[in-house]
Amino acid sequence: MTTLQQAIEQTKIAGHKAFVPYIMAGDGGLETLRPTILKLQQLEVTAIEVGIPFTDPVADGPTIERAGERALAAGVTLRKVLEELPSFRAEIHVPLVVMTYFNPILAYGLEEFAKACVAGGVKGLIVPDVPLEESAILQKALNPHSIDIIQLVSLTSPPDRIARIAAASQGFVYAVTVNGITGARSSFADDLDDHFARLREASKIPVMAGFGISTPEQVISMGALSDGVIVGSAIVTALHEKNWHKIESLVLASKGVLEKSTL
């Protein structure tokens, strides 16, 4: 069992759902990375997804895209993020998952990138523009360093592809809950129950729900279908607005606590 999977499984033992916040590294300047990660860790999140700013983020909605633009304007790059993480590695006690696109990794150099991830405490990698059929290049470079390659499965994936993605994914299966890009949603498809039932039956590792989840109520409802949730745009907005109470309310919802003041 990998470090990332173990962290998710431990939330089950505690009777909670896993909660993974997404942050845009360097939104507000690279100096915000350490305090943001340590504060989220203090809130007892399961893991942290560290987004890397990129000029062509094909999977990202407007909120995360704007956050990436702010980070890029501040001079933040994949290399700078991975050089920053080791400076406070000893203080990080939750698994980190890097979310980036393939071009920055290729420019970095796969082996050098893998070593930099190890130095920064990275335990998982999400690369939305590398499909299952092309993911072996990432597994070959990163698996020897105990870094999971996390696969995304969409609502439109047929059963045979769901089975192949579930078999190939490491750490957890990233179940995309909407058709389209990231961003808050007011509602979700009616047939998600059946979709997640198929996913959980096909997967031997945890299934995490992500995309569109933005309220405590949605954390609870999506958590009921899965092993936990990934929250991106709502976290990015709250961090930009310095609204830590909103973030705490989302984390508490994964533990079954719904604050009336957040409704």
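For every chain, the first residue of its written sequence is number 1, and the numbers climb from 1 along that sequence. Note on the predicted model: pLDDT of at least 70 is required for a residue's local features to be given, and 80 or more for side-chain atom pairs to be given and counted; whole-chain, interface and lining totals, by contrast, use all residues. Calculation of side-chain values draws on the structure's entire complement of heavy atoms; hydrogens and water are dropped beforehand.

- Labelled according to an unreviewed UniProt entry, the chain appears under the name Tryptophan synthase alpha chain, originating from Lysinibacillus pakistanensis.
- What UniProt records for the chain under Sequence similarities (unreviewed entry) is the sentence "Belongs to the TrpA family."
- UniProt positions are given in the numbering used here, feature names are shortened, and annotations may be inferred rather than shown by experiment. The UniProt entry for the chain carries the following text under Pathway (unreviewed entry): "Amino-acid biosynthesis; L-tryptophan biosynthesis; L-tryptophan from chorismate: step 5/5."

### Quick look at the overall build of the chain
Part 1 of the argument: Only DSSP runs of H or I with at least four residues qualify as helices, and only runs of E with at least two residues qualify as strands; both kinds are numbered from the N terminus onward. Along its length, the chain carries 12 helices and 9 strands.
Part 2 of the argument: To get the radius of gyration, use the C-alpha atoms; to get the globule rule, take the number of residues to the power 0.38 and multiply by 2.2 Å. Against the 2.2 N^0.38 benchmark of 18 Å for 263 residues, the chain shows a C-alpha radius of gyration of 17 Å, consistent with a compact globule.
Part 3 of the argument: C-alpha extents for the chain along the principal axes are approximately 45 × 40 × 35 Å.
Part 4 of the argument: Partly exposed describes any residue whose relative accessible area lies between the buried limit of under 20% and the exposed limit of over 50%, with all areas from a 1.4 Å probe on protein chains only and scaled to the type maximum. By the burial criterion, 54% of the 263 residues in the chain qualify as buried.

### A short note on the pattern of salt bridges
Part 1 of the argument: A pairing counts as a salt bridge when a side-chain nitrogen of Lys or Arg comes within 4 Å of a carboxyl oxygen of Asp or Glu. Under the counting rule described, the total for this entry stands at 8 salt bridges.
Part 2 of the argument: Note that E112 and R79 form a salt bridge whose closest N and O atoms lie 3.0 Å from each other. Taken together, the residues span a long stretch of sequence, with E112 in helix α6 (residues 110-120) and R79 in helix α4 (residues 78-84) at a distance of 33 residues.
Part 3 of the argument: The exposure class assigned to E112 is partly exposed, which follows from its relative accessible area of 42%.
Part 4 of the argument: Through salt bridges with shared partners, a single ionic network connects E9, K12, R200 and D227.

### Quick notes on the packing of aromatic side chains
Part 1 of the argument: Side-chain rings of Phe, Tyr and Trp (the six-membered ring for Trp) are treated as a pair once their centres are within 6.5 Å; stacked means planes under 30 degrees apart, edge-to-face means over 60, and tilted covers the remaining angles. Within the structure shown, the criterion is met by 4 aromatic pairs.
Part 2 of the argument: On the numbers, 5.2 Å between centres and 25° between planes, the contact of F54 with Y101 is stacked. Within this pair, whereas F54 is found in the loop between β2 (48-51) and α3 (62-73), its partner Y101 is found in the loop between β3 (96-99) and α5 (102-108), the two being separated by 47 residues in sequence. Taken as a pair, F54 and Y101 share a single burial class, namely buried.
Part 3 of the argument: By the ring-pair criterion, three or more aromatic residues cluster together here, those being F172, Y174 and F211.

### What about the nonpolar core?
Part 1 of the argument: Throughout this description, the term nonpolar core refers to a set of buried Ala, Val, Leu, Ile, Met, Phe, Trp, Tyr and Cys residues connected via side-chain atoms within 4.5 Å. The biggest cluster of nonpolar side chains holds 89 residues, and the ones touching the most others in it are I37 and L125.
Part 2 of the argument: For this core, the element with the highest residue contribution is strand β1 (residues 18-24), accounting for 6 residues.
Part 3 of the argument: In this view, L125 contacts V97, V98, T100, I105, F113, L138, L142, I147, D148, I149 and I150; residues no more than four positions away in its chain are not counted. In what follows, residue pairs with any heavy atoms lying within 4.5 Å of each other are defined as contacts.

### Let's talk about unusual backbone geometry
Part 1 of the argument: Residue E44 is not a glycine yet carries a positive backbone phi of 70°.
Part 2 of the argument: Inspection of the secondary structure puts E44 in the loop between α2 (33-42) and β2.
Part 3 of the argument: Phi angles above zero are rare outside glycine, and S146 is one such case at about 60°.
Part 4 of the argument: With respect to the helices and strands, the residue S146 is situated in the loop between α7 (136-142) and β5 (148-149).

### Some thoughts on the environment of V50
Part 1 of the argument: As for its position among the elements, V50 is in strand β2.
Part 2 of the argument: Between the alpha carbons of V50 and H145 there is a distance of 18 Å; along the sequence they are 95 residues apart.
Part 3 of the argument: Other than its neighbours up to four places away in sequence, V50 contacts I23, A25, L33, I37, V81, L96, V97, V98 and M99.

### So, the packing of helix α9 (residues 192-202) against helix α10 (residues 216-225)
Part 1 of the argument: Convention adopted: a line fitted to C-alpha atoms gives each axis, helices being fitted over their contacting stretch, and angles between N-to-C directions are expressed from 0 to 180 degrees. Two elements in contact, α9 and α10, have axes separated by 9 Å at closest approach and are oriented at 45°. Judged by the inter-axis angle, α9 sits oblique to α10. Facing α9, whose interface residues are L192, D193, F196 and R200, α10 presents M222, A224 and L225.
Part 2 of the argument: Tallied by class, the residues present in the contact of α9 with α10 amount to 5 nonpolar, no polar and 2 charged. What sets the label is the angle itself: under 35 degrees gives roughly parallel, over 145 gives roughly antiparallel, 65 to 115 gives roughly perpendicular, and the rest give oblique. Only Asp, Glu, Lys and Arg are considered charged in this grouping, and only Ala, Val, Leu, Ile, Met, Phe, Trp, Tyr, Cys and Pro are considered nonpolar; every other residue, Gly among them, is considered polar.

### Topic: the UniProt feature "active site" (unreviewed entry) in the chain
Part 1 of the argument: Sequence positions flagged by UniProt for "active site" (unreviewed entry) are, in local numbering, E49 and D60.
Part 2 of the argument: Of note, D60 is situated in the loop between β2 and α3.
Part 3 of the argument: Under the relative-accessibility criterion, D60 is labelled buried at 7%.

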